[in-house]
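Read off the chains here:
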Amino acid sequence: MILKVINHQLQFDMKNICTLFFPYEKIKTEGSEDIVVITEKSEDVLVVDAKVYDKHLKKTHKMAESEDMAVAMSVLLYSVLSELMGYEPPWGILFGVRPAKLMHRLCGEMGREEAKNYFLNSFLAKKDKTELTLEVMKHENEVIALSGKNSFSLYVSIPFCPTRCSYCSFVSHSIERTQKLMTPYVDLLCTELEQIGEIAKRLALRLETVYFGGGTPTTLSANLLTKIFSTIEKHFDMSTLREYTVEAGRPDTVTEDKLLALKAAGVTRISINPQSFNDEVLEAIGRRHTSQQTIDAYNLARSLGFDNINMDFIAGLPKDSLDSFKSSIDKGIALGAESITVHTLALKSAAYMVTRDMTFDLTDRLTTADMVRYSNAVLSDSGYYPYYMYRQSKSLGNLENVGWCKPNCDCLYNVYMMDETHSVFSAGAGGVTRLKNQENGHIERIYNYKYPYEYIDSFDEIVKRKMGIYTFYGE
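Presented here is a report on the structure given in the accompanying data block. Here the structure is a predicted model, which means the values were calculated and not measured.

### Structural notes on the overall build of the protein
Then comes step 1: When you go through the protein residue by residue, the secondary structure sums to 18 helices and 17 strands.
Then comes step 2: Across its three principal axes, the protein shows a C-alpha extent of roughly 65 × 55 × 45 Å.
Then comes step 3: A total of 475 residues make up the protein; the buried ones form 56% of that total.
Then comes step 4: For the protein, the share of sequence-separated contacts (at least 6 apart) that also reach a separation of at least 24 residues comes to 72%.
Then comes step 5: Accessible surface, the protein as shown: approximately 20,400 Å² in total, 49% of it carbon and sulfur.

### Here we look at the pattern of salt bridges
Then comes step 1: One pass over the full model with this rule turns up 22 salt bridges.
Then comes step 2: Among the salt bridges present, the one from Glu131 reaches Lys116, with a minimum N-O distance of 2.8 Å. Of this pair, Glu131 sits in helix H5 (residues 127-144) while Lys116 sits in helix H4 (residues 112-122); the two residues are 15 residues apart in sequence, bridging distant segments of the chain.
Then comes step 3: With a relative accessible area of 31%, Glu131 lands in the partly exposed category.

### A closer look at the side chain of Arg365
Then comes step 1: For Arg365, the location among the structural elements is in helix H14 (residues 363-381).
Then comes step 2: The buried charged residue Arg365 lacks any salt bridge, with Asp361 as its nearest oppositely charged partner at 7.3 Å.
Then comes step 3: What Arg365 contacts, discounting residues up to four positions off in sequence, is Leu20, Phe21, Pro23, Tyr87, Thr359, Leu396 and Gly397.

### Some points on the packing of helix H8 (residues 222-235) against helix H9 (residues 256-265)
Then comes step 1: Their axes nearest at 9 Å, the elements H8 and H9 cross at an angle of 10°. What the angle tells us is that H8 and H9 run roughly parallel. Taking contact as the criterion, the partners of Ala222, Leu225, Thr226 and Phe229 in H8 are, on H9, Asp257, Lys258, Ala261, Leu262 and Ala265.

### Here's the deal with the nonpolar core
Then comes step 1: Membership of the largest hydrophobic core comes to 121 residues, with the highest contact counts inside it found for Leu154, Phe212, Ile228 and Ile232.
Then comes step 2: Excluding its chain neighbours within four sequence positions, the residues that come into contact with Leu154 are Leu193, Ile196, Leu207, Thr209, Val210, Tyr211, Ile232, Phe236 and Phe425.
Then comes step 3: Ranked by size, the runner-up nonpolar core spans 17 residues in total, among them Val143, Tyr388, Leu412 and Tyr413.

### Remarks on the packing of aromatic side chains
Then comes step 1: Under the criterion given, the structure shown has 19 aromatic pairs.
Then comes step 2: Here the basic side chain of Arg202 rests over the ring of Tyr470, its NZ or CZ set 4.2 Å away from the ring centre.
Then comes step 3: Of note, Lys263 hangs over the ring of Phe306, and the distance from its end group to the ring centre comes to 4.7 Å.

### Regarding the pairing of strand S8 (residues 206-214)
Within a regular strand, the side chains alternate between the two sheet faces.
Then comes step 1: Among the 9 residues of S8, 8 are classified as buried, and the element is accordingly described as predominantly covered.
Then comes step 2: Examined bridge by bridge, S8 and strand S9 (residues 243-247) share 4 bridges and lie parallel to one another. If you follow Phe212 over to S9, its bridge partner there is Val246.
Then comes step 3: As a crossover connection, the stretch from S8 through H8 into S9 is right-handed.

### Examining helix H15 (residues 412-419)
Then comes step 1: For H15, a buried count of 7 out of 8 residues is recorded, marking the element as mostly surrounded by other parts of the structure.
Then comes step 2: Within H15, the full set of buried residues consists of Leu412, Tyr413, Asn414, Val415, Tyr416, Met418 and Asp419.
Then comes step 3: Glu420, located one to two residues past H15, shows a positive phi value of around 60°.

### Some thoughts on unusual backbone geometry
Then comes step 1: Cis geometry marks the peptide bond from Gly214 to Gly215; its omega dihedral reads 10°.
Then comes step 2: Residues other than glycine seldom take positive phi values, yet Glu43 does so here, at roughly 60°.
Then comes step 3: A positive phi angle is found at Tyr53, which is not glycine, with a value near 55°.
Then comes step 4: For Tyr53, the position within the fold is in the loop between strand S3 (45-52) and strand S4 (55-62).

Quick notes on the rules
Residues numbered from 1 in each chain as written. Predicted model: local features only at pLDDT ≥ 70, side-chain atom pairs only at ≥ 80, totals over all residues. Heavy atoms only, no water. Helix = DSSP H or I, 4+ residues; strand = E, 2+ residues; numbered from the N terminus. Buried < 20%, exposed > 50% of the residue type's maximum accessible area, 1.4 Å probe, protein only. Contact = heavy atoms within 4.5 Å. Areas by Shrake-Rupley, 256 points an atom, 1.4 Å probe, with all protein chains shown as cover. Salt bridge = Lys/Arg side-chain N within 4 Å of Asp/Glu carboxyl O. Lys, Arg positive; Asp, Glu negative; His and termini not counted. Axes fitted to C-alpha atoms, helices over the stretch in contact; angles between N-to-C directions. Parallel < 35°, antiparallel > 145°, perpendicular 65-115°, else oblique. Core = buried A, V, L, I, M, F, W, Y, C linked by side-chain atoms within 4.5 Å. Phe/Tyr/Trp six-rings, centres within 6.5 Å; stacked < 30°, edge-to-face > 60°. Lys NZ or Arg CZ within 6 Å of the ring centre and 35° of its normal. Pairing = 2+ DSSP bridges. Right-handed = clockwise from strand over helix to strand, strands pointing away.

Honestly, it's all geometry; don't read function into it.
Following this line, the structure appears as structure tokens:
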């Protein structure tokens, strides 16, 4: 599609609004296309002129003196595209990752009711999304209050999986291709953890949470996991730790010896992620496990004393139906998972030509919206509350990802990450250390190399970069 921006500087905003309606399209600034959107400012008049195949609509808006131009132009574009497409994305013109953080800021500036009205009337967010944001904000604030001025969290990246799922956008690599890298990777990971531990002690920082992600951390053997756990225990002050999470996400990696290794290390929270309890769906997305394997892994973890287990599900997966998705959520609730995270499928960038029929076909978006709506309702009715939320720019139907939990089972790390509450030191390939100045809110990032082979080959540079933490903290 073509997007033209004339006499204003809102190309970023306009591109994001277009993506809400045309997630498969590559947006260009010139050429000949079936979809053309022109946005223009002429003195105090805003103009949006759009053509979508054989449909055409032009609207204008005269700005009031105090009106925010970015909001006004976004609303005008949203209005034009909604009318052309016969579809209103439920978050209105919002495209940010952290709606609860935005709501928190607005509440501080204008009060709760005015902030709520701003979401509804200025951002055009639907009532249910606005109410969801307010509830998430409430629970996030309770967790944020636990963090102190010198708090930090630790993220450990294990970028290996049994196979790569078709929808995956994370740094994860099939062990069929990277098996030989695992031991040298863990050796260097432990060296990096030693360095981070020394930095944290020298700066007198307080460790709040540890989170192992990936990838699938339990792709590693029990011995390799134990080596990492032992390194953390030796080089970090664990006496202040509130939460210790390991993603045991793929059920086909969960074994008794690995779970015992987690238990011995003091891990308090794990994820065992079905994504779906429909075996046909699992096969379609490249997961080499069955629904029964998920149940078996879950029951094994329970028998070994794990009492805080999360399950992930994804709305909008290939070959899933509304009834099938409902059955999966119901199964997770019936099993008694302490937290259930409902993601919306994130779409890949445009990989093929989009036809007119595809452009106007809302089936997938509407079905996925029904899936999310059902999960929100049934989880709330079953005693769960939404404790964190984030959004992705190309999620199906422009929907959200929400973590639901039973009382006092919030994942603290997830909240601290979404809110950017305090510094997070990251170890391993793809890790991004995020440093936060608690005085002024300033954030800086230190990046590790993305892929395991890069991490191994350029490890000395990673060690050097980590010394930047001292500079940030003024030492």
